[in-house]
Amino acid sequence: MTRIVSGFAGSLTLRVPKNGTRPTSDRVREAIFSALDARDAITGLRVLDLYAGSGALGLEAASRGARVVTLVEKNQQAATLCRANASAVAKAAPRTSAPQITVSGQSVQGFLDSTSAGFDLVFIDPPYELSAEELAENLRALAPLLHEEAIVMIERSSRSPEPEWPSGLELDRRKDYGDTTLWWAHAAEAQPDA
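Residues numbered from 1 in each chain as written. Predicted model: local features only at pLDDT ≥ 70, side-chain atom pairs only at ≥ 80, totals over all residues. Heavy atoms only, no water.

A. Layout of the pattern of salt bridges. Within this structure, the stated rule accounts for six salt bridges. Two residues, R140 and E164, come together in a salt bridge whose shortest N-O distance is 3.6 Å. Taken together, the residues R140 in helix α5 (residues 132–142) and E164 in the loop between β7 (146–157) and β8 (169–177) connect sequence positions 24 residues apart. What makes R140 partly exposed here is its relative accessible area of 45%. R174 is the salt-bridge partner of D176, the closest N and O atoms lying 3.1 Å from each other. One connected set of salt bridges, linked through shared partners, spans R29, D37, E60 and R64. (Salt bridge = Lys/Arg side-chain N within 4 Å of Asp/Glu carboxyl O. Helix = DSSP H or I, 4+ residues; strand = E, 2+ residues; numbered from the N terminus. Buried < 20%, exposed > 50% of the residue type's maximum accessible area, 1.4 Å probe, protein only.)

B. Spotlight on the environment of R174. Looking at the element boundaries, R174 is found in strand β8. On the accessibility criterion, R174 (41% relative accessible area) is partly exposed. On a C-alpha basis, the gap between R174 and D125 in space is 15 Å, while along the polypeptide they are 49 residues apart. Residue contacts for R174: discarding those within four places in its chain leaves S158, T181, L182 and W183. Engagement of the side chain of R174 in a polar contact is seen with the side chain of D176, the distance being 3.1 Å. A polar side-chain atom of R174 sits 3.5 Å from a polar atom in the side chain of T181. (Contact = heavy atoms within 4.5 Å. Polar contact = N/O pair within 3.5 Å; in protein donor to acceptor, adjacent residues only side chain to side chain.)

Below, the structure written as structure tokens:
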């Protein structure tokens, strides 16, 4: 069972697709949000949740004060559940400070190639079978969309190689939780091509 951990929607149960997704464990989700809370890196921000699955990461950020949250999930069953979960979180929000939550049912690369929106906090939790090359392509398309001091968190299998960081993204740290590895990066000034 997946729940919102904290914030105005704390303890709200989220619907999770029966197959095709791998929800982030409660332990890892709590570690992610403890780290973000320590940086005061959620309130008022524009959040992007790529490969959203149930939307748990982006919706947790919404519950904790993110201003705008975009969930991107191409699996239609999962996108439908993202919309239902987003609606439940929105209903729990205070009327005066409800976040704007949208769900895109297109592919991650398609979304990144077609948006001009900027983001402060990005969660990337792709299927473990996503190739390193496809992830690198996602990161190259994402880098120009990041606001100054944006944070990017990538969740991968501990057996996966380190992501290929494009110009405009720099690694902060790696943290392992059993079979899961979190890669934390931040937006950096892009270096001109040599």
